[in-house]
Each structure stands twice: as structure tokens, then as C-alpha cells.
Amino acid sequence: MANEARPCPCDIGDRFEYGGLGQEVQVEHIKAYVCKPFTSTEKAVIVVQDIFGWQLPNTRYMADMLAANGYIAICPDFFVGQKPWEPSDDWSTFNDWLKTRDASKVDREADVVLKYLKEQCNAKKIGVIGFCWGGMAVHHLMLKNPELKTGVAIYGIMKYFEDRYSLLHPTFFIFGENDDYIPLEQVTLLEQKLKQHCKVDYRVKIYPGQTHGFVHRKREDINPQDKPYIEEARKDMLNWLNKYV
């Protein structure tokens, strides 16, 4: 587990030197990165950032991957102009920083983005994925938002979601076996509780040997031992979206 001096072991990983294929837009009170496929579609996916913010190249890389697979992808600034976490920040202040960026208080921004996708992009079927902090937001939205079709929560922190298992929509939970911030006993409890309480389709999958951030913060080209699991998780994510969006 993370120690008190470093309450979250998040490290920015292999930061991609990546400019992105999409564009930044203003969506009412928030900014967002949008990438669209070459052919028209009515399918869209909201991409929820991790603690490093909506402009992290790694997250935009994932949005562009979704667009390449036929989805309108939008990565909004769910921090609404507040400063994202920086690797050089003092980890002793992290918990206070997190209190001002509550992943269960994203409903207003989600509604604004849904309206934009429907009215400006003609989207009719919309899913959501999120990484780390964004995984927590996905879990929340799957419990609360009736308009979304499905969600993929990728290493979303579980300790903030005890006793919240009555999902409205099919949800896929991705975890790494060696995640220092999400003990496997929490994942096991999640599976047990979902089996008891969840009435929609769900899946919980643990990827062997993988650490927090492996799906979007590790570059497969320089981590050959992790490449099969990075690619498998991304494929699994896409297959889940293809099934429900």
C-alpha cells in the first residue's frame, strides 16, 4: 500500500511525445479535446482523465485510438480549470488536493458533454472510459447517469466506492495485479458485491504482473515484458465498447 508520505503511488510513466490528431474545443464552461473518426458515426466515448489532467498526451493517445476504431472521442477537463497534479508536487499535500477534485461530483460536466455530443456531433449511443481518478468517475457515472450505455473503469480507486454496487449499465473493471494503490482484496470484494447486488452485465479482470497506469501510461514499444498485457487490456476495452455502444 502507499505510505503516508506518498498516499498515491501514481507516476506519470512513459510520457508520450504525442501531439494528438484532434482539436481542443470549448463546451460551455469547460474545455475538451475531441477526435473524430474519418467516417460519420453515431457512437461516442467520453474519456475521463487521470490525476495528471486532460492535456496529458497519453490520455489523448487513447482518445485517438478510440477515434481510429470508429468512435467520436472527447476528453473534457473534468477539473474545470483547476491545476492537475504534477509529478514534482509535494505528495504530502495529495489528499488535500484530491478533496477539491471529487470524482463523484462530475455530473454537471458529464451532462454538458452529453448535450454537446448529441447536439453538435449527432451522437446517439455514448459510453465512457476513465483512468485512475477517471476510473472512479466512471464508477460514479455508472451508478447515476441514465443516458450512458456502458463504462470501462480502468484502475479506478476502490476505497471510495464501498457499498456502491447497483450499477445502471454494463461496466468493465480493469486492474493490474501489482497495483500498489488497489489491493487485490478490494478487487475480490468488488466481485463478490457485484455478484450479490448488480443486475446488469459486468466484468472484473486482473492483468498479471501489471502496475497502476499500465494501460495508458506505459509505452508498449519500450516495455516488451508488459506489451502483451497492455495490448490485451486495450483490446478488451474496445471489445466491451463495441458490444454495448
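About the criteria used
- Starting afresh in each chain, residues are numbered from 1 along the sequence in its written order.
- Selection of residues for local features in this predicted model requires a pLDDT of at least 70, selection of side-chain atom pairs for listing and counting requires 80 or more, and totals for whole chains, interfaces and linings are taken over all residues.
- Values reported for side chains reflect all heavy atoms of the structure, with hydrogen atoms and water molecules removed beforehand.
- Put simply, buried Ala, Val, Leu, Ile, Met, Phe, Trp, Tyr and Cys residues joined by side-chain atoms within 4.5 Å make one nonpolar core.
- Working definition: with a 1.4 Å probe on protein chains only, accessible area under 20% of the residue-type maximum means buried, over 50% means exposed, and in between means partly exposed.
- Residue contacts are defined here by distance: any two heavy atoms, one from each residue, within 4.5 Å place the two residues in contact.
- Note on pairing: two strands pair once DSSP finds at least 2 bridges between them.
- Helical segments are the DSSP runs of H or I of at least four residues, strand segments are the runs of E of at least two, and each set is numbered from the N terminus.
- Classification of ring pairs uses Phe, Tyr and Trp, with its six-membered ring standing for Trp, and accepts pairs whose centres are within 6.5 Å; under 30 degrees between planes counts as stacked, over 60 as edge-to-face, and the remaining range as tilted.
- To sit over a ring, a charge needs its Lys NZ or Arg CZ within 6 Å of the ring centre and within 35 degrees of the ring normal.
- Here an axis means a line fitted to C-alpha atoms, over the contact stretch when the element is a helix, while the angle between two N-to-C directions is reported on a 0 to 180 degree scale.

Colleague: I'd like a description of the nonpolar core, backed by residues and values.
Modeller: Across soluble globular proteins, nonpolar side chains show a tendency to be buried alongside one another. The biggest cluster of nonpolar side chains holds 86 residues, and the ones touching the most others in it are Ile46, Leu66, Leu117 and Trp133. With near-sequence residues (within four places) excluded, Ile46 lies in contact with Ile74, Pro76, Phe78, Val113, Leu114, Leu117, Ile126, Gly127, Val128, Ile129 and Leu148.

Colleague: So what's going on with the pairing of strand β1 (residues 23-27)? Which residues, and what values?
Modeller: Taken together, the five bridges between β1 and strand β2 (residues 30-35) define a ladder with antiparallel strand orientation. In the sheet register, Glu24 faces β2, and the bridge partner there is Tyr33. As consecutive antiparallel partners, β1 and β2 are separated by two residues, and within that stretch Glu28 has a phi angle of approximately 50°, a positive value.

Colleague: Can you lay out the pairing of strand β5 (residues 125-131) for me, pointing to particular residues and giving the numbers?
Modeller: Of all seven residues in β5, six are buried; the element is thus mostly enclosed. Relative to β5, strand β3 (residues 43-48) runs parallel, the two sharing six bridges. Its bridge partner being in β5, Val45 is matched across the sheet by Gly127. Two strands pair when backbone bridges link them, and β5 and strand β6 (residues 151-154) are joined in this way by four bridges, in the parallel orientation. Among the inter-strand pairings, Phe131 is bridged to a residue of β6, identified as Ile154.

Colleague: Summarise the packing of aromatic side chains; cite the residues concerned and give the values.
Modeller: Counting across every chain of the model gives twelve aromatic pairs. Where Phe79 meets Trp97, the ring centres are 5.6 Å apart and the plane angle is 90°; that geometry is what we call edge-to-face. In this pair, Phe79 sits in the loop between β4 (72-76) and α2 (94-99) while Trp97 sits in helix α2, placing the two residues 18 residues apart along the sequence. By the burial criterion, Phe79 is buried, and Trp97 matches it. Ring plane angle 55° and centroid distance 5.9 Å describe the contact between Tyr155 and Phe214, whose orientation is recorded as tilted. One end of the pair, Tyr155, is in the loop between β6 and β7 (171-176); the other, Phe214, is in helix α6 (residues 214-217), with 59 residues separating them in the sequence. According to the relative accessible area criterion, Tyr155 is buried, its value standing at 0%. Note on Phe214: relative accessible area 0%, which makes it buried. Through successive ring pairs, a cluster of aromatic residues spans Phe79, Trp85, Trp91, Phe94, Trp97 and Trp133. Over the face of the ring belonging to Tyr71 we find Lys43, whose NZ or CZ atom lies 4.7 Å from the ring centre.

Colleague: Which residues make up the sheet that holds β4, and what values go with them?
Modeller: Here eight strands make up an open sheet; going across it, the order is β1-β2-β4-β3-β5-β6-β7-β8 and the pairing mixed. A strand with exactly one partner marks an edge of an open sheet, and here the two such strands are β1 and β8 (202-207). In this sheet, neighbouring strand axes are inclined to one another by 20° on average, regardless of whether the strands run parallel or antiparallel. Inspection of the sheet shows β7 paired to β8 by six bridges, in the parallel sense.

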